[in-house]
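Coordinate analysis (summary)
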Amino acid sequence: MIDDPLGDLLGRFDDIRNRWFQAMREGDTGSGYTFETLLGIRENNDRTADFRGIELKCKRVRSKGGPAVGKVNLFQQGPVWADEGLTALDRVRMLGKPDASGLYRCHSQITTRANNLSMLLDPASTQGLIALRRLGEQVGHWPHAMLEQRLVEKHSRAAFVLAEVRQSRSRTSFSYNELIYCEKPSINSFIELVGQDRIVFEFLMYEKSDGTVRNRGYPWRLLSEALLDQLFSVRVKLR
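Residues numbered from 1 in each chain as written. Predicted model: local features only at pLDDT ≥ 70, side-chain atom pairs only at ≥ 80, totals over all residues. Heavy atoms only, no water.

1. Thoughts on the pattern of salt bridges
Tallying each qualifying case throughout the model produces 14 salt bridges. Ionic pairing is found between glutamate 55 and lysine 154, a salt bridge with its closest N-O pair at 3.5 Å. With glutamate 55 in strand E2 (residues 55-61) and lysine 154 in helix H4 (residues 144-155), this pair connects stretches of sequence that are 99 residues apart. The exposure classification of glutamate 55 matches that of lysine 154, with both residues buried. Note that aspartate 197 and arginine 113 form a salt bridge whose closest N and O atoms lie 3.3 Å from each other. Pair noted here: aspartate 197 is in the loop between helix H5 (187-195) and strand E12 (199-207) and arginine 113 is in the loop between strand E6 (104-110) and strand E7 (119-122), with a separation of 84 residues, a long-range link. (Salt bridge = Lys/Arg side-chain N within 4 Å of Asp/Glu carboxyl O. Helix = DSSP H or I, 4+ residues; strand = E, 2+ residues; numbered from the N terminus. Buried < 20%, exposed > 50% of the residue type's maximum accessible area, 1.4 Å probe, protein only.)

Next up, the structure:
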């Protein structure tokens, strides 16, 4: 199982394991950015895996050995829109709601149950797709083949690193203690987890005052690191 890329990753991990490092970036992406920088990996927004075919994901833990905090980002993939002719501004105004300033926002988690924006996921379609519905109308969809391609493209092999966090008034520090290696993701398991609301989709877009739209992506997220063994056929704690 431990081939050259994985052995290389484990060697670099061992060089920094159980040591404290000041965060090189604040915010939600700080632990991952700091970890990848320490391993000598340049930041990129590629659709492919981070390190020699292995996707890297860092999850913060409240205390050593404690549970991981927050959702696990799997990949980003927007839907195939039913009306592809809409502009980004038209779409955020159709799907979102105005804030106090009158500008439209669509920051929304989508599950199989209708949310406050009347949107839901329908994974039970017999047409080989997951439908995005709003008020009963299908406004978009994801073919299973599209989602499988993204899942394999991004997570054919993955390493999930748990980072202990130490917070002071002026700084955040991380200690990278555990590494869980996963491979062989299953699209059937992915669809089942969507149906159980354990994998969710999110919109992260809003209207700006100049009339343009800021879209921070279309993430699919696993609710908990503890669910990884349900998504991957192979899941081994290596460190």
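2. Notes on unusual backbone geometry
Across the chain, the bulk of peptide bonds are trans and the bulk of non-glycine residues have phi less than zero. Here leucine 135, not a glycine, exhibits a phi torsion of approximately 55°, which is positive. Relative to the elements of secondary structure, leucine 135 occurs in the loop between strand E8 (129-134) and strand E9 (137-143). One non-glycine residue, lysine 184, adopts positive backbone phi at about 60°. Mapping lysine 184 onto the fold places it in strand E11 (residues 172-185).

3. Digging into the side chain of asparagine 115
Locating asparagine 115 in the fold gives a position in the loop between E6 and E7. Of note is the side chain of asparagine 115, whose polar atom sits 2.9 Å from the backbone nitrogen of leucine 117. Residue contacts for asparagine 115: discarding those within four places in its chain leaves Ser108, Gln109 and Ile110. (Polar contact = N/O pair within 3.5 Å; in protein donor to acceptor, adjacent residues only side chain to side chain. Contact = heavy atoms within 4.5 Å.)

4. Topic: the pairing of E7
Residue alternation in E7 divides its side chains into a buried set, Met119 and Leu121, and an unburied set, Leu120 and Asp122. The turn linking E7 back onto E8 is made up of six residues, and glycine 128 within it adopts a positive phi angle of 70°. (Pairing = 2+ DSSP bridges.)

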